[in-house]
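# Structural features, examined
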Amino acid sequence: MKKIFSIFIAALMSASMLAAETQYLPISVYAGDDSETFPQGAKAMVENKLTQLLTKNGIAGMDYMGQFILTITSTPIDKDVIPGPPMKIREKMEMNLYIVDAYSKTIFSSTSMTINGLGETENKCYLNALTHMPLQSPQMAKFIEEGKNKILEFYDHEGEQMIKKAQFLAKQKKYDEAMYWITLIPQQSKHYDAALTEGLAIYQMMIDHECNVNLAAARQAWAAEQNSTGAVAAGEYLANILPDAGCYDDAMNLYKEIKGKVLDDWKFEMKKYQDTVDLEKERINSMREVGVAYGKHQPQQTTTIEFLRTLL
């Protein structure tokens, strides 16, 4: 029992160490369309392999298309048909991996390997070959490290301008876009601390602005009908006000005023943070969620896709 317990503790410690070593990097995986590059049904497996490659090298990437891309191509080298039954196909293929800046059309890092697949169909042969693609090797580690260093060089060079761009957007009340630019800057960059400080300031500007807008709308709804109907309408706006917003106390006063008049007819409570919540961490996570949501809803650049297709 003690041995089992020791193994369990060791596994937990290993998992914790792996999680601690994994760092965010604004890099996406791209495998093209099924019909363009890979046999039917293979795209999902290819993307999964690329994601695993990042994870096993301590990187948590983006789940939407950005500027920096990890992609892969395959080239058949040799194919044999093995008589059955059942007949099987054995194929040797070259896998070429790239980390690229798709905006500047620059290859940051590349590597290639030869792998073999075996299956009853070409699709199964290809999928079998993917399962043999090594993800942890000095070659792969060097490939990822070179690409990562190039990306960090980019942010070390451009980070200051990105922060200034975010400040400019915030002054125009384009808070979502401002936080998108801030949250792209990775923790390993020398500009990360400045970006985080500015990002939190912009996040505060956003929730203060939203608080003022929602409080004004709540007051208007309550002034129009000072009864349970007006209370419900006001509550829809008050529900959007966060506890750390600048006008939260004023919103709470309005809540108490409404509650005092409609009593139990109004089943509503203002948002509150639990005492156990790490407010700083909560604010950082919320800021990142806003930036990521903005990035996900941006249209993919046609030039980016066309450049990647030239590799594929």
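Everything discussed here concerns the structure shown above.
Presented here is an overview of the structure given in this document. Each chain has its residues counted from 1, running along the sequence as written. Thresholds applied to this predicted model are a pLDDT of at least 70 for local features of residues and 80 or more for the giving and counting of side-chain atom pairs; totals over whole chains, interfaces and linings are not thresholded and use all residues. No hydrogens and no water enter the side-chain calculation; it runs on all heavy atoms of the structure.

## Section: empty space enclosed by the protein
Within this scheme a cavity is a closed region of a 1 Å grid, computed over the protein atoms alone, that accommodates a 1.4 Å probe without allowing it to escape, whereas a pocket is open but has protein on both sides within 12 Å along at least five of seven lines; lining residues each have an atom within 4 Å of a point. Grid points are joined across faces, edges and corners, and a volume is the space filled by probe spheres set on the points. Following the criterion strictly, the structure yields one cavity of 30 Å³ or more and no others. Taken as a whole, the largest cavity spans an internal volume of roughly 40 Å³. In this structure, the largest cavity is lined by Ile182, Thr183, Ile185, Tyr192, Ala195, Leu196, Met287 and Arg288. Listing elements by their share of the lining of the largest cavity, those giving two or more residues are helix 5 (175–184), helix 6 (192–224) and helix 9 (279–296). Runs of E in the DSSP output that reach at least two residues are strands. Runs of H or I that reach at least four are helices, and both are numbered from the N terminus. Here the lining of the largest cavity takes three residues from helix 6, the largest share from any one element.

## Overview of the nonpolar core
Judged by nonpolar contacts, the single largest core of 76 residues is most densely connected at Ile27, Leu238 and Ile258. Broken down by element, the residue count for this core peaks at 13 residues, all from helix 6. Any pair of residues with heavy atoms lying within 4.5 Å of one another is described as a contacting pair. Leave out the neighbours within four places in its chain, and Ile27 touches Leu54, Ile59, Gly61, Met62, Phe68, Ile69, Leu70, Ile99 and Ile151. The term nonpolar core refers to a set of buried residues drawn from Ala, Val, Leu, Ile, Met, Phe, Trp, Tyr and Cys, joined through side-chain atoms within 4.5 Å. Accessible area is worked out with a 1.4 Å probe on protein chains only. A residue is then buried under 20% of its type maximum, exposed over 50%, and partly exposed in between.

## With respect to helix 3 (residues 122–131)
A turn of α-helix holds 3.6 residues, and therefore any two residues three or four places apart point the same way. Of the positions making up helix 3, those classed as buried are Cys125, Tyr126, Ala129 and Leu130. One side of helix 3 carries all its buried residues, which in axial view fall inside an arc of 140°. Residues of helix 3 that are buried make contact with helix 2 (43–56), strand 4 (68–82), strand 5 (88–101) and strand 6 (106–119). Think of it as the arc spanned by the lines of direction from the helix axis to the C-beta atoms.

## Quick look at the packing of aromatic side chains
Only centres within 6.5 Å qualify two rings of Phe, Tyr or Trp (six-membered ring in Trp) as a pair; their planes then separate them into stacked at under 30 degrees, edge-to-face at over 60, and tilted for everything else. In total, this model carries nine aromatic pairs according to the counting rule given. Taken together, a centroid distance of 5.0 Å and an interplanar angle of 25° make the contact between Trp266 and Phe268 stacked. The same class applies to Trp266 and to Phe268, which are both buried. Here the aromatic cluster, defined as three or more aromatic residues joined through ring pairs, consists of Phe68, Phe108, Phe154 and Tyr155.

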